[in-house]
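Residue-level structure breakdown
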Amino acid sequence: MYAVLSKKRIAPDTYDIWLSHPDIYRYAKPGQFLIIRIDEFGERIPLTIASAEKDRVRVIVKAVGKSTYKLCAMNEGESVSDIVGPLGNPSEIEKLGTVCVVGGGVGIAPLFPVARALKAAGNEVIGILGAANKDHLIMVDEFRPFLDRLYLSTDDGSAGIKGTVTNPLKEVIADYSPVTIWAIGPMVMMKFVSLLASQNDIPCWVSLNPIMVDGTGMCGACRAEVGGEMKFACVHGPEFDGRLVNWDELIKRQYQYREEERVALEKYVRELGEKDG
Amino acid sequence: MAEKFKVRMRELDPSERVNSFEEVALGYTKEEAIAEAKRCLQCKHKPCVSGCPVGIDIPGFIKALREDDIEKSTRILKDANNLPAICGRVCPQEKQCELACVVGKIPGSEPVAIGRLERFVADQNISLETAVKPSVNKRVAVIGAGPAGLTAAADLAKEGFSVTVFEAFHTAGGVLVYGIPEFRLPKEIVAKEVEFVKSLGVEFRFNQIIGRTIPFEEIKNEYDAVFIGIGAGAPRFMGIPGSNHNNIFSSSEYLTRTNLMKAYLFPLYDTPVKIKDRVAVIGAGNVTMDAARTVKRLGAKEVHVVYRRSEEEMPARIEEYHHAVEEGIIFHWLTLPVEYIGDINNNVTGMKCVKMTLGEPDDSGRRRPIQIEGSEFVMEVDMVIEAIGQTPNAILKAGFPAVRLNKWGSIDADEASGRVDEGIYAGGDIVTGSATVIEAMGAGKRSARAIKSYLLRKG
Ligand SMILES: Cc1cc2nc3c(=O)[nH]c(=O)nc-3n(C[C@H](O)[C@H](O)[C@H](O)COP(=O)(O)OP(=O)(O)OC[C@H]3O[C@@H](n4cnc5c(N)ncnc54)[C@H](O)[C@@H]3O)c2cc1C
Ligand SMILES: Cc1cc2nc3c(=O)[nH]c(=O)nc-3n(C[C@H](O)[C@H](O)[C@H](O)COP(=O)(O)OP(=O)(O)OC[C@H]3O[C@@H](n4cnc5c(N)ncnc54)[C@H](O)[C@@H]3O)c2cc1C
Ligand code: SF4
Ligand code: SF4
Ligand code: FES
Ligand SMILES: [Mg+2]
């Protein structure tokens, strides 16, 4: 059992959660993830490791369906049955020069350890953080010490530049010629950032988050076409060069279980209602 | 002269079982078991024993059963086999112990139903005094809690070693819990047999993927010996165009969702599994039958097994094939899918296939399937499960740098002892490629013996 040590709401649907874990901190590197199973009935929920310290590990979770709602509803002192991690390959961090990190929505969280490590490796790091609106722009202050320049964007213009992250990215490419881009966020965002990178001939790491089951290379649920080959995101990734990813196919795979997800969430909400009433 | 035929085992009616995950084979009653036990001739030279990879004293346990001494019978079984209730259900007995049985050699006569008797005795749940105190000051790490790992762990614990099993999943059993369906092997049975292994003093550490969550080097340094039994867990895909369409799954994914994550009880359990109307399952092995029968039970209207060779070359056990036929699974022989077709939402809608004919024998000794020109046709399906085999996991290559691999990507281990390197042993599917539960157990047993003598020699 792994206890919830603390929980903080950092955006309307997003929670910053620390869980107890005896040894993830010894091995976790930026770019890696873990899998949580809440209880006997739970499914396996992949989440990026936002940070890890002695005996504890941090995840930033956006409540989007049954399992993430349930996780976000857990309180200090409660615990989850299982945590497996770290999984996936670490980001390839080295000194490259000027780099640009782009985070969108809850993808800002997994970007954080990458940005921090890039800075520590001696790079000039330019950050672009975007969200739907001001309230969803998370972790901005945490990023500041590790960024040489910071751009914010929101869809509604309530903070930073109005529009998507590709607007400031065009500027950054023109003004600073970054040698590599990292982009983590919704698949559609990663698709358009990759397109821009491709047009400008800049390598662009993206972190793929397809539907996973085991997370250990055993099932092929997380497969994606990258550079014309079949790759399993959990063991060959999760980071790939976004310029090579078949995004349209992957985005459609993401919605495969929409009907089942609706059933699960409705049942959960109904049960909550019964419990409260 | 003994009865010619095995005492029949009662089965759930096909019409009833296609709607449930209840166990199909119902087991013997005591009277039936004793009647079957009487068919055994108690041969002095025990040919059947040599057919059993773990060397159970078969006439011995049968004799005790006949004398109604279930405790003694259990003891004899568990001396050699830590997981008898499992083996009694899933061993391909017809190719092993029963193949060697003298009664089966009599023309027109069936061998003694050794597997069914083993199952009966094990199911009586006699608990034996077991706890062994670690008496040898040596620690052994076992990686993987499948049949190979569980057997090695139990045997070493019986010898007084202190044993820790590291398992990637949240529960023990390997393929027994994530692959073989509930209706052939109830998970409660696996849990009970795992409890027996625990009762021997074996410690389990779940959610640990060695080579990923803990480096292999660390385990190697911390323990006096290591046994690697991590199975052949990576799915193979045909790799034909359109493979990433929605509703195309590997059998590993489909069965893991259904069995390990209990998606057949969705939404009580959170993990979903797709259920469609017209499903194609590719292959013709035991895994194919399991996948086909599973998806039928979940509610698919039509389930089509598609295989590129003919019925004669089918690798599945005949018994499982018959069960599948009884349950209404439709078989298409000499048919090879060459491309998946999808709609605008990327959902699979059809499968382009070609018809095959059989040519000269290939490396496997089976006649090679050859495409018949101009035989293309489209099979309309809304879901596909590829069940064409597993290969060693990719993590292995990255996570076990010290371990020698052979050209198939399996661990290169000595056949007799499982020895890979000083203090490192391996066995089961990770060495042989996909094989059987009992062969994996046999390998675990041989390695346990080798580890024991290595550690005692080392002092
Ligand atoms: C490597 C990786 C890292 C991730 N990191 C984070 C993170 O740091 N923070 C965060 O909030 N989310 C993260 N996710 C996404 C998170 O796993 C899903 O939001 C979550 O599993 C949804 O579960 P649910 O039951 O709440 O929602 P559901 O209603 O079941 O699904 C909502 C949507 O989430 C996605 N999803 C559903 N099940 C899975 C699954 N088993 N695996 C992956 N995606 C799924 C699908 O796109 C689905 O349409 C990550 C995913 C991956 C693969
Ligand atoms: C669907 C299906 C049906 C089958 N039916 C039959 C049958 O009826 N009869 C029969 O005899 N055989 C059957 N088999 C074959 C049989 O199950 C296998 O041969 C047998 O389970 C192999 O045992 P093993 O211990 O080598 O590996 P596995 O059973 O694969 O167990 C390996 C274990 O190691 C764990 N693991 C993997 N990597 C790591 C790691 N790095 N660190 C820690 N743990 C790890 C896995 O999670 C797993 O629990 C079937 C196989 C399948 C897939
Ligand atoms: S373990 Fe398998 S091979 Fe051995 S006696 Fe039992 S059924 Fe036969
Ligand atoms: S060979 Fe058959 S008859 Fe002879 S002892 Fe073994 S099980 Fe009994
Ligand atoms: S999640 Fe199963 S192979 Fe990646
Ligand atoms: Mg869900």
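Scoring rules and cut-offs
Residues numbered from 1 in each chain as written. Chains lettered and ligands numbered in written order. Predicted model: local features only at pLDDT ≥ 70, side-chain atom pairs only at ≥ 80, totals over all residues. Heavy atoms only, no water. Near = heavy atom within 4 Å. Helix = DSSP H or I, 4+ residues; strand = E, 2+ residues; numbered from the N terminus. Nonpolar A, V, L, I, M, F, W, Y, C, P; charged D, E, K, R; others polar. Contact = heavy atoms within 4.5 Å. Buried area = accessible area lost by both parts, 1.4 Å probe. Salt bridge = Lys/Arg side-chain N within 4 Å of Asp/Glu carboxyl O. Polar contact = N/O pair within 3.5 Å; in protein donor to acceptor, adjacent residues only side chain to side chain. Domains from an automatic or database assignment.

- Under an unreviewed UniProt entry, the name given to chain B is NADPH-dependent glutamate synthase, homotetrameric, and the organism recorded is Mesotoga prima MesG1.Ag.4.2.

- Where an unreviewed UniProt entry is consulted, chain A appears under the name 2-polyprenylphenol hydroxylase-like oxidoreductase, with the organism given as Mesotoga prima MesG1.Ag.4.2.

**Notes on the site of ligand 3**
All names here are of chain B.
- Around ligand 3, the surrounding shell holds 14 residues, and the nearest of these are Cys52, Cys91, Gln93, Cys97 and Glu118.
- Of the residues forming the shell around ligand 3, the biggest block, three residues, is contributed by helix H9 (residues 114–123).
- Here the residues of the shell around ligand 3 sort into nine nonpolar, four polar and one charged.

**What about the environment of Pro12(A)?**
- Along the chain, Pro12(A) turns up in the loop between strand S1 (2–11) and strand S2 (14–20).
- Setting aside residues no more than four positions away along its own chain, Pro12(A) makes contact with Asp135(A) and His136(A).

**Quick word on the interface of chain B and chain A**
- On the side of chain A, 47 residues touch chain B, which itself brings 46 residues to the contact.
- The three residues of chain B that bury the most area against chain A are Arg212(B), Asn244(B) and Asp270(B), which together make up 19% of that side's buried surface.
- Note that Lys274(B) is salt-bridged to Glu260(A), the shortest N-O span being 3.1 Å.
- Taken together, chain B and chain A are joined by 23 residue pairs in polar contact (both at pLDDT 80 or more).
- Looking at the side of chain B that touches chain A, the elements that each hand over two or more residues are strand S5 (234–235), strand S6 (248–250), helix H14 (251–260) and helix H17 (394–399) of chain B.
- With four residues, the single largest contributor to the side of chain B that touches chain A is H14(B).
- Of the residues in the side of chain B that touches chain A, the class split is 21 nonpolar, 17 polar and eight charged.

**Here's the deal with the domain arrangement of chain B**
Residue and element names in this part refer to chain B.
- Here chain B is partitioned into domain 1 (10–124), domain 2 (139–233 + 392–458) and domain 3 (236–386).
- On a C-alpha basis, the centroid separation for the pair domain 2 and domain 3 is 30 Å.
- Taken together, the contacts link eleven residues of domain 2 with eleven residues of domain 3.
- Between domain 2 and domain 3, roughly 1,000 Å² of surface is buried when both sides are summed, and carbon and sulfur atoms account for 59% of that area.

**A word on the domain arrangement of chain A**
All names here are of chain A.
- As assigned here, chain A comprises domain 1 (2–87) and domain 2 (98–254).
- The C-alpha-based centres of domain 1 and domain 2 are spaced at 21 Å.
- Each side of the interface is counted separately: domain 1 has 18 residues, and domain 2 has 20 residues.
- Summed over the shared surface of domain 1 and domain 2, the number is one salt bridge.
- Here Arg58 makes a salt bridge to Glu142, at a shortest N to O gap of 2.8 Å.
- One can count three residue pairs in polar contact (both at pLDDT 80 or more) joining domain 1 with domain 2.
- At the level of elements, S1, strand S3 (33–37), strand S4 (44–48) and strand S6 (56–62) are the ones that each hand at least two residues to the side of domain 1 that touches domain 2.
- Taken together, the residues of the side of domain 1 that touches domain 2 sort by class into eleven nonpolar, four polar and three charged.

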